[in-house]
Every structure is written in C-alpha cells, then in structure tokens.
Amino acid sequence: VFRTPDEKNPGASPVYVYARQAEPDVDKAKKEFHFHLYDAVVMTTGKDGQPSPVVSDEIVPMVLPYEVNEEKAKKTRTMTNQQIRDYVVSEDFDDLQMKEAIKKEVRLRYLGEIPRRFSNSFACLAFACIGVPLGIGARRRDTSTGLMLSLLIGTAYFAMSGMEGHSMTSMVALAWAPNVVCAVLGIYLFRRARRR
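All values reported here derive from a predicted model rather than from experimental measurement.

**Q** Give me the nonpolar core: which residues, what numbers.
**A** Formed by M79, I84, Y87, V88, F93, L96, M98, V106, Y110 and I114, the largest nonpolar core amounts to 10 residues. Looking at this core element by element, the count peaks at 3 residues for helix 3 (residues 100-141). Ranked by size, the runner-up nonpolar core spans 8 residues in total, among them A126, I130, C182 and L189.

Right, dumping it as structure tokens:
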C-alpha cells in the first residue's frame, strides 16, 4: 500500500506498507476498507527526510477510506435485463455517492436501457421496411437516390434513438419512435412502389 500527499493532507509524508498476509474487510456504513496485516513493514519518512521503518508481526486494523461514485457504477452493457432491474433496487446502487436528483436520473438511465434493447432488436425489420421499396425504385431507375435517402434515414434513426427522456414513459416512447417512423415510412414507400 502506498499513500502519498493529497489535497486533504498536503503536508503528510509518503507511507509505504508491505505485509506477507492481509485479511480484508469492508465497512459499507463508514465507507472504509479494514486490513488485518501480518508480518508487516511500515516505511515512513522522518522530519529529517530519512526513512523510518517499523516492523510488526500484526497490525489491527489498517483502515483505508473509499468512495463509490457514478463512474464506478456497473455498466449496463454487461448486465442482463433482470440484473439491471435487481441492481437499481439493491444496496449497491443506494451506496452510490451522488445527489438524489442525479441518482434518480441514473436509475432512469439504467431502466431505460431495457426498452432500448428491444427497440434496437426491431431496428433490422424497420430498416428492411424502408430498404426494400428503396431498392426496388433504385433498380428501376438505376440512380443513387435510394442510397442517399437510406443514409439520411439511418442518420436520423440513430440521432432519434440517442435521445433520452425524463420519465420512464418518455424513455419508452423515444426508444420506439424511430422504429414506428421507419415502419410508417416503409408502408408509404411500399404503396408508392406498388403503384409504379
């Protein structure tokens, strides 16, 4: 373990701790790591700048503070839908050190990932609804209009799907809105292609 001077203790001298064995324990209430050290060597620096080693058979306990923040929260892409639901109501989520308003937004972002996954799975069908009639029209006319229109629609789709709502209802609506728009546009393009 290395401890160096920081903003809270700018005048503190560096400390180096080595132990052959350590038994860790976490105190979630106090946000501390407790280490029971065996055969430990603690190296500090005296006022004269010289190293000052201390050797001990046992140190009980060595306490290190820890903080949990939003950056250390679990990543949704590595979790299943059920794990997301369980996580946002778990003690681990409640332990995140952030304001309640921010915590509410983070919880909403986690839960919003579930409808977004389903809507992303439907995206291939939504794009097919548009791509088939555009492909038919491009084949008849032999132009690149269909390709350009497809690129514009794809860009608009992902721009819309990247938007986030402020409630669960708006999150679901924003997740599915691009698919609904693509499906309606696809039906229109199919009808127009059939008339031609």
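**Q** An account of the pairing of strand 3 (residues 32-45) is needed here, citing residue identities and associated values.
**A** Bridge analysis of strand 2 (residues 15-27) against strand 3 gives 11 bridges, and the strand direction is antiparallel. Directly across from D27, in strand 3, lies its bridge partner E32. In sequence, strand 2 turns back onto strand 3 through a hairpin of 4 residues, with K31 there showing a positive phi of about 55 degrees.

**Q** Could you give an account of a negative patch on the surface, naming the residues involved and the relevant values?
**A** Together, E23, D39, D57 and E58 give the surface a local cluster of negative charge. Its place among the elements puts D57 in strand 4 (residues 51-65).

**Q** So what's going on with helix 5 (residues 168-195)? Which residues, and what values?
**A** Spanning 28 residues, helix 5 covers 41 Å between terminal C-alpha atoms, matching the ideal 40 Å at 1.5 Å per step. In the structure, helix 5 departs most strongly from a straight axis at W176, where the bend amounts to approximately 35 degrees and where the proline P178 lies between one and four residues downstream. Every buried residue of helix 5 is accounted for by M171, A175, P178, N179, C182, G186, L189 and A193.

**Q** Tell me about the environment of Y110, and name the residues and values.
**A** Within the secondary structure, Y110 sits in helix 3. Taking the C-alpha atoms as reference points, Y110 and V88, 22 residues apart in sequence, are found 7.4 Å from one another.

**Q** Pulling in residues and values, what's your account of the packing of aromatic side chains?
**A** Evaluation of the coordinates by the stated rule reveals 7 aromatic pairs. Residues F93 and Y110 carry aromatic rings whose centres are separated by 6.1 Å and whose planes lie at 85 degrees to one another, so their mutual orientation is edge-to-face. On the criterion of sequence distance, the pair formed by F93 in helix 2 (residues 91-94) and Y110 in helix 3 is long-range, its members being 17 residues apart. Accessibility classification places F93 together with Y110 in one group, the buried group. Ring centres 5.2 Å apart and planes at 80 degrees place the aromatic pair Y157 and F158 in the edge-to-face group.

**Q** Quick rundown of a nonpolar patch on the surface? Include the residues and the values.
**A** A cluster of nonpolar residues, F118, F122, L125, M168, V172, W176, V180 and V184, forms a patch on the protein surface that exposes about 690 Å² of accessible area. Contributing elements (two or more residues each) for the nonpolar patch: helix 3 and helix 5. A per-element tally of the nonpolar patch places helix 5 first, with 5 residues. By the element assignment, V172 lies in helix 5.

**Q** Can you break down the pattern of salt bridges residue by residue, with the values?
**A** Taken as a whole, this structure holds 2 salt bridges when the rule is applied. Across the salt bridge formed by R116 and E113, the nearest N and O atoms sit 3.3 Å from each other. Here E113 and R116 lie together in helix 3, a separation of 3 residues that amounts to about one turn. Assessed through its relative accessible area of 18%, E113 is described here as buried. Here E113 and R117 are joined by a salt bridge, their closest N and O atoms 3.3 Å apart. A residue pair is termed a helical-turn pair when its members lie 3 or 4 positions apart in one helix, as E113 and R117 do in helix 3 at 4 residues. Here the residues in one salt-bridge network are E113, R116 and R117, joined through shared partners.

**Q** Before we move on, can you summarise the environment of G112 with the specific residues and values?
**A** Counting through the fold element by element, G112 comes out in helix 3. For the pair G112 and S167, spaced 55 residues apart in the sequence, the C-alpha separation amounts to 9.0 Å. If we ignore the near neighbours within four places in the chain, the residues touching G112 are M168 and M171.

Cut-offs applied
Residues numbered from 1 in each chain as written. Predicted model: local features only at pLDDT ≥ 70, side-chain atom pairs only at ≥ 80, totals over all residues. Heavy atoms only, no water. Core = buried A, V, L, I, M, F, W, Y, C linked by side-chain atoms within 4.5 Å. Buried < 20%, exposed > 50% of the residue type's maximum accessible area, 1.4 Å probe, protein only. Helix = DSSP H or I, 4+ residues; strand = E, 2+ residues; numbered from the N terminus. Pairing = 2+ DSSP bridges. Patch = residues over 30% accessible without salt bridge, like charges linked within 9 Å, V, L, I, M, F, W, Y side chains within 5 Å. Areas by Shrake-Rupley, 256 points an atom, 1.4 Å probe, with all protein chains shown as cover. Salt bridge = Lys/Arg side-chain N within 4 Å of Asp/Glu carboxyl O. Lys, Arg positive; Asp, Glu negative; His and termini not counted. Charge placed at Lys NZ, Arg CZ, Asp CG, Glu CD. Expected span 1.5 Å × (residues − 1). Bend = angle between axes of the 7 residues up to and from the residue. Phe/Tyr/Trp six-rings, centres within 6.5 Å; stacked < 30°, edge-to-face > 60°. Contact = heavy atoms within 4.5 Å.

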